[in-house]
Amino acid sequence: MGWDGDFLMQPYGDRWKVRRKLFHHEFPVKDGKRHYSQQLKTNRVLLKNLLDNPQEYREHIHHMSGSLILFVTYGIDAQDRRNRHVVNADKAVVAFTTALSPGAFKDLLPWLKYVPSWLPGAGFKRKAREWRHAYDEMGREAYDFTLDAMRRGEAVPSFVSNLETKLSTGKASWFKQKEVFDTAATMYETGSDTTFTGLLTFILAMTCFPDYQKKAQAEIDSVIGQHRIPDFDDWDKARSELPYCEALMQEALRAIFHDEKMYPDPYTFKPDRWIKDGKINPDVRDAMAAFGFGRRVCPGKHFALLTTFITITTVLAIFDIEKAVGEDGDVIEPSMEFVDTLQHRPAPFPCVIKPRSKAHEDVLREVLAQYANENGGSN
Ligand code: HEM
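Below, the structure is looked at part by part. (Residues numbered from 1 in each chain as written. Predicted model: local features only at pLDDT ≥ 70, side-chain atom pairs only at ≥ 80, totals over all residues. Heavy atoms only, no water.)

1. Quick look at the overall build of the chain
Scanning the chain for helices and strands turns up 14 helices and six strands. Looking at the 379 residues of the chain, the share that counts as buried comes to 53%. Sequence-distant contacts in the chain: of pairs separated by 6 or more residues, those separated by 24 or more amount to 72%. Summing over all exposed atoms, the chain offers an accessible surface of approximately 17700 Å²; the carbon and sulfur share of this is 53%. (Helix = DSSP H or I, 4+ residues; strand = E, 2+ residues; numbered from the N terminus. Buried < 20%, exposed > 50% of the residue type's maximum accessible area, 1.4 Å probe, protein only. Contact = heavy atoms within 4.5 Å. Areas by Shrake-Rupley, 256 points an atom, 1.4 Å probe, with all protein chains shown as cover.)

2. Description of the packing of aromatic side chains
A full pass over the atoms with the stated rule returns 10 aromatic pairs. Pairing Phe209 with Tyr212 gives two aromatic rings, centres 5.3 Å apart and planes at 45°, and the pair type is tilted. Of the residues examined, Phe209 reaches a relative accessible area of 25% and is grouped as partly exposed. Residue classification places Tyr212 among the buried residues on the basis of a relative accessible area of 19%. For the pair Phe209 and Phe269, a centre-to-centre distance of 6.0 Å together with 10° between the ring planes defines the contact as stacked. Pair noted here: Phe209 is in the loop between helix H8 (177-208) and helix H9 (210-223) and Phe269 is in the loop between helix H12 (243-257) and strand E1 (275-276), with a separation of 60 residues, a long-range link. A connected cluster of aromatic rings, assembled from ring pairs, spans Phe23, Phe27 and Phe303. One cation-aromatic arrangement involves Lys21 over Trp174; the distance from NZ or CZ to the ring centre is 4.1 Å. (Phe/Tyr/Trp six-rings, centres within 6.5 Å; stacked < 30°, edge-to-face > 60°. Lys NZ or Arg CZ within 6 Å of the ring centre and 35° of its normal.)

3. A few points about the site of the ligand
Around the ligand, the structure places 24 residues, and the nearest of them are Trp16, Arg20, Ala290, Arg296 and Cys298. A distance of 2.8 Å separates an oxygen atom of the ligand from a polar side-chain atom of Arg20. Note that an oxygen atom of the ligand is positioned 2.8 Å from one of the side-chain N or O atoms of Arg296. Those elements giving two or more residues to the shell around the ligand turn out to be helix H1 (14-26), H8, H12 and helix H13 (301-318). Counting residues per element, the shell around the ligand draws most heavily on H8, which supplies four residues. A breakdown of the residues in the shell around the ligand according to their chemical character gives 16 nonpolar, six polar and two charged. (Near = heavy atom within 4 Å. Polar contact = N/O pair within 3.5 Å; in protein donor to acceptor, adjacent residues only side chain to side chain. Nonpolar A, V, L, I, M, F, W, Y, C, P; charged D, E, K, R; others polar.)

4. Overview of the nonpolar core
Tyr57, Phe202, Ile203, Leu248 and Phe319 are the most contacted members of the largest nonpolar core, which totals 54 residues. The biggest single contributor to this core is H13, with 10 residues. (Core = buried A, V, L, I, M, F, W, Y, C linked by side-chain atoms within 4.5 Å.)

5. A look at the coordination of the iron atom of the ligand
With respect to protein ligation, the iron atom of the ligand binds only Cys298 (SG), at 2.3 Å. Locating Cys298 in the fold gives a position in the loop between strand E2 (279-280) and H13. (Donors = N, O, S within 2.8 Å, 3.2 Å for Na, K, Ca; no water.)

6. Re helix H14 (residues 358-375)
The terminal C-alpha atoms of H14 lie 26 Å apart, and with 18 residues this matches the ideal 26 Å at 1.5 Å per residue to within 8%. Every buried residue of H14 is listed here: His360, Val363, Leu364, Val367, Leu368, Tyr371 and Ala372. What you see down the axis of H14 is that its buried residues fit within an arc of 170°, all on one side. Looking at H14, the residues exposed on the side facing more than 90 degrees away from the buried face are Lys358, Glu366 and Asn373. On its buried face, H14 is in contact with helix H2 (36-52), H13 and strand E3 (319-323). Capping the start of H14, Ser357 holds a side-chain oxygen 3.2 Å from the backbone nitrogen of Ala359, two or three residues further along. Residue Gly376 follows H14 closely and has a positive phi angle near 60°. (Expected span 1.5 Å × (residues − 1). Arc of directions from axis to C-beta.)

7. Remarks on H13
Given a rise of 1.5 Å per residue, 18 residues ought to cover 26 Å, and the 26 Å separating the end C-alpha atoms of H13 matches this to within 8%. Taking burial as the measure, the 18 residues of H13 include 16 buried ones, the bulk of the element.

8. Structural notes on the packing of H2 against H14
With their axes 11 Å apart at the nearest point, H2 and H14 run at an angle of 135° to one another. Taken as axis vectors, H2 and H14 run oblique relative to one another. Classified by chirality, the crossing of H14 by H2 is left-handed. Across the interface between the two elements, Ser37, Leu40, Lys41, Arg44, Leu47, Lys48 and Leu51 from H2 touch Glu361, Leu364, Arg365, Val367, Leu368 and Tyr371 from H14. (Axes fitted to C-alpha atoms, helices over the stretch in contact; angles between N-to-C directions. Parallel < 35°, antiparallel > 145°, perpendicular 65-115°, else oblique. Left-handed = near helix turned anticlockwise from the far one by under 90°.)

9. So, the environment of Val284
By the secondary structure assignment, Val284 is in the loop between E2 and H13. The exposure class assigned to Val284 is buried, which follows from its relative accessible area of 17%. For the pair Val284 and Trp274, spaced 10 residues apart in sequence, the C-alpha to C-alpha distance is 6.5 Å. Those residues in contact with Val284 that sit more than four places away from it in its chain are Tyr263, Arg273 and Trp274.

Here it is, written out as structure tokens:
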């Protein structure tokens, strides 16, 4: 019950292989640029939201991560946080995380091959049923959305529309609609919350450690300058030219799982653990360990890294992130508490996100206006 279609939870075998292959169809390692335009769009929406309504940074980041996946998977353009597909998908993720015991993720994955005999108990079974229901509902409504758009001739390229086209033109014999359905439904579950958690960890770290923030901003100012904001071309040279920004990103991602064996002192946020002589230290065990290893390594890794990189660098280029001040005039120290969901996610904390200067705000407004002009929107 519950697990049968879900890609993440499937044991190794033929069913898993088809889904994994389908996933690679949408996220081919060799075509890292495939989703640039949508990643850029959600980034611009995020920057605008942070400028207009910074107190709700948590909701904005959550929405950015989720709406990006919904678009890539189903072609759903969910700019509004109350979009019913976003609400459905979030319900499914909550049901999924509550179905599993707290903190289970890191222990769970290596022994998935033993599922479903583990975790007995009526409580778990009930929660798994709820999860199954939410997962089906979310998947069905979103899938129908894409099929309807295809019937009207209005579908945009997406994971589902591309594969449905292959199915309907008889160009695919190795997969069925049910497998596309399952793989699609798993994408939000696996891709949204993880990205969100990594970025929240980054915001928390910047709030607590202004020196790290200044160091990264100084690097951006000297490499990118102060008249534009980082873009995807900068990603290609991140390792060599923006090593401190990359170290920040690695550290934020590492903190999601707090692996003590691999990284000593796991509860200390220390971007410098990745740096040696001003460069990324090649001796630190695979800097991308947060994505797992081997045949189950995260297939959304490259996509997630790009989203994280563009978010971290553009936010730092324009904004300062600081501790909030209470009504009594005292600085509010973030509790640094982590909510043990499937990953270690920072508990809500207040912070101030504001443009570094009027000049930085002007640069952002110009970038947003230019983006809107080029894309016919009203950003
Ligand atoms: C910062 C963001 C992310 C992190 C830290 C992350 C991390 C992980 C980890 C640790 C695993 C398990 C690997 C293993 O068992 O060895 C995993 C699996 C997976 N991830 Fe990600 N992930 C992220 C983003 C994404 C995104 C954006 C997507 C999809 C668009 C995605 C899709 C998946 C899928 C489908 C699996 C299951 C793979 C399988 O079982 O074969 N992930 N991820």
